[in-house]
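# Chain and residue survey
In case you want the letters, here they are:
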Amino acid sequence: MSTTATSAPTYTDVPVGLTETGERTEFDSMGDVSVPADRYWGAQTQRSLQHFSIGNDHMPIEVYRAYGIVKKAAALVNQKAGRLADWKAKAIIQAADETIAGHLDEEFPLFVWQTGSGTQSNMNINEVLSNRAIQLLGGVLGSQKPVGPNDDVNMAQSSNDSFPTAMHIAALTEIDERLLPSLRALHAEIAAKSTQWMDVVKIGRTHLEDAVPLTVGQEWSGYAAQLEGAIREVEHSREGLLRLALGGTAVGTGLNAPEGFSENVAAKIAELTGKAYVTAPNKFEAQGSLDAMVRAHAALRGVAVALMKIANDMRWLASGPRTGFAELVLPSNEPGSSIMPGKVNPTQCEAIVMISIQVLGDDSAVAFAGSQGNFELNAMRPIIINNFLHSARILGDGVHKFLTYSVEGTELNEKKLSSYVGESLMLVTALSPIIGYQNAAHIAENALANDQTLREAALDSGKVTAEQFDQIVVPASLVGHGVGGA
């Protein structure tokens, strides 16, 4: 097919959307296929719907919106180089812009469980952009003239390099626009509460048993540090997603891609998105593996692990209100029981724990799929991008709700905290340097056996005087020197 023309067809800005009913005939290299007349997709999309309508798992729409950026960038590069006529490029670019904006979302119906290269999703967008461009140019839908899905929309590309490029763009968009803002906001609030509660003494717990004192602020500083580390890993992992496979075409050699195409199209994608995308330095790695996606999802796993610790601690520390720890008071958002009046549950914490469990499961699938690269292609791409976007989205949304409806409104039950400090036997640890470990242990054991306070048991032992006990066993002096401990 010629990529230039002496005169362009009439260009008409037809409103998005089709009103035809019934079916029309589309074709591909294998022959004719009937497709719904009110859709822009073509033969290969319809074949995929016939062969791979499996379950309810559709390819995430974020992939197609990212693909719109890929196709727009390629059209712009090919137009500038003179390989694609201006009038064709203009029509393809408008169709791509409509895809990016979400106006064509209903035209991308394919399922996750399809060809592992993503070829069917690549052809889905190629066909949609082709037919939409044909409509804009006043042509006949399904004719592949004057804009072809393979020769024009897919010019200088392969599914093998364009699909992982769309994966990276979709993944990085989700990280930057949803996940990281939510995580940073949660970290800021937890750090603020750590500062606010730095002088409130409580009893620590190790092995689920009473331990020596610390402050609530110190405990929450640990949560803040966990989140800070998780955020840092996500930020680090996103760097791998900035390297794009586009330009490697079928196996990484760049066959049928003009010289300089990979660099130019990566630069154009960077310009369109405002992100520092570059061409992958080794296309064989970029297409034969999906290691950057695996590493990025591993960072999401790290986020899930940190969140599970924080949410579990909060719901346990808020347990009660009368027979649990009851150190924290969480916001009361909704009734907690259909039979027990007045019951309120730590539902935001529970949601975060479930989200974290799901992300850990998603990560197992991503890692396993990432290990399945064979020769010049990893053909497990759809499950990886589906799981990645699923994990990033539920983490981002879940963290936002957790912050808004739990963490921000969490308060302390200082009366309960104080009573636990007063009753703790592990304060005896402060006496150990003075009277020895064994003597201190016996004091704690006798206090528990005889239902005494630690002070009573210590004085009964004869190993310490009242004056010594009151000078040494001062909870506020046993918590170290602020964040990070002694």
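The shown structure was predicted, so the numbers you read here are calculated from the model rather than taken from an experiment. For every chain, the first residue of the written sequence is number 1, and numbering continues from 1 onward in sequence order. The predicted origin of the model limits local features to residues at a pLDDT of at least 70 and limits the giving and counting of side-chain atom pairs to 80 or more, whereas totals for whole chains, interfaces and linings rest on all residues. Side-chain measures were taken over the full set of non-hydrogen atoms in the model, leaving aside hydrogen atoms and water.

### Comments concerning the overall build of the chain
Counted only if it meets this: Only DSSP runs of H or I covering at least 4 residues are called helices, and only runs of E covering at least 2 are called strands; the numbering of each starts at the N terminus. As a reference, a globule follows 2.2 Å times the number of residues to the power 0.38, and the radius of gyration itself is taken over C-alpha atoms. Each residue is placed in one exposure class: buried if its accessible area under a 1.4 Å probe, protein chains only, is under 20% of its type's maximum, exposed if it is over 50%, and partly exposed if it falls in between. In what follows, residue pairs with any heavy atoms lying within 4.5 Å of each other are defined as contacts. Note on areas: these come from Shrake-Rupley sampling with a 1.4 Å probe, and a residue is covered only by the protein chains present in the view.
Along the chain, the regular secondary structure elements total 17 helices and 10 strands. For the chain, whose C-alpha radius of gyration is 31 Å, the value lies well above the compact-globule estimate of 23 Å for 486 residues. Every one of the 486 residues in the chain was classed for burial, and the buried ones make up 50%. Residue pairs in contact within the chain that sit at least 24 positions apart in sequence constitute 73% of those at least 6 positions apart. For the chain, the accessible area works out to roughly 22200 Å², and carbon and sulfur atoms hold 53% of it.

### Focus: the pairing of strand S3 (residues 201-206)
Definition in use: Think of it this way: DSSP has to see at least two bridges between two strands before they count as a pair.
Relative to strand S4 (residues 209-215), S3 is paired through 5 bridges, and the arrangement is antiparallel. The residue of S4 that forms the bridge with Thr206 is Glu209. Between S3 and the antiparallel strand that follows it, S4, lie 2 residues; His207 among them carries a positive phi value of about 55°.

### Quick look at the side chain of Asn160
Definition in use: Under this definition, polar contacts are N or O atom pairs within 3.5 Å; protein pairs additionally need one hydrogen-donor-capable and one acceptor-capable atom, and for neighbouring residues in sequence, both atoms have to be side-chain atoms.
Take Asn160: it is sitting in helix H6 (residues 159-196). Asn160 gets classed as buried once you look at its relative accessible area, which sits at 15%. Of note is the side chain of Asn160, whose polar atom sits 2.8 Å from the backbone oxygen of Ala250. Residues within four places of Asn160 in sequence aside, it is in contact with Ser117, Thr249, Ala250, Gln287, Leu377 and Arg381.

### With respect to the pattern of salt bridges
Which entries qualify depends on this criterion: Whenever a carboxyl oxygen of Asp or Glu lies within 4 Å of a side-chain nitrogen of Lys or Arg, that contact is scored as a salt bridge.
Within this structure, the stated rule accounts for 24 salt bridges. Ionic pairing is found between Glu106 and Arg39, a salt bridge with its closest N-O pair at 3.4 Å. Separated by 67 residues along the polypeptide, Glu106 in the loop between helix H3 (86-100) and helix H4 (119-136) and Arg39 in the loop between strand S2 (31-36) and helix H1 (43-51) bring together distant segments of the chain. The exposure class assigned to Arg39 is partly exposed, which follows from its relative accessible area of 22%. Arg455 is the salt-bridge partner of Asp470, the closest N and O atoms lying 3.0 Å from each other. Placement of Asp470 in helix H17 (residues 466-472) and of Arg455 in helix H16 (residues 454-461) is noted, with a sequence separation of 15 residues between them.

### Considerations on helix H13 (residues 414-423)
Where we set the bar: What the arc describes is the spread of directions from the helix axis to the C-beta atoms.
Those residues of H13 that fall on the buried side of the exposure criterion are Leu417, Tyr420 and Val421. Along the axis of H13, the buried positions cluster into a sector of 100°, meaning they face one direction only. Turned more than 90 degrees away from the buried face of H13, the exposed residues are Lys415, Gly422 and Glu423. Of the surrounding secondary structure, the elements contacted by the buried residues of H13 are S3, helix H7 (216-241) and strand S10 (411-412).

### Observations concerning the environment of Ile93
Tracing the sequence through the fold places Ile93 in helix H3. On the basis of relative accessible area, Ile93 is assigned to the buried category, the value being 13%. Each C-alpha atom of the pair Ile93 and Ala75 lies 6.8 Å from the other, and the pair is 18 residues apart in sequence. In contact with Ile93, other than residues within four places in its own chain, are Lys72, Ala75, Leu76 and Gln79.

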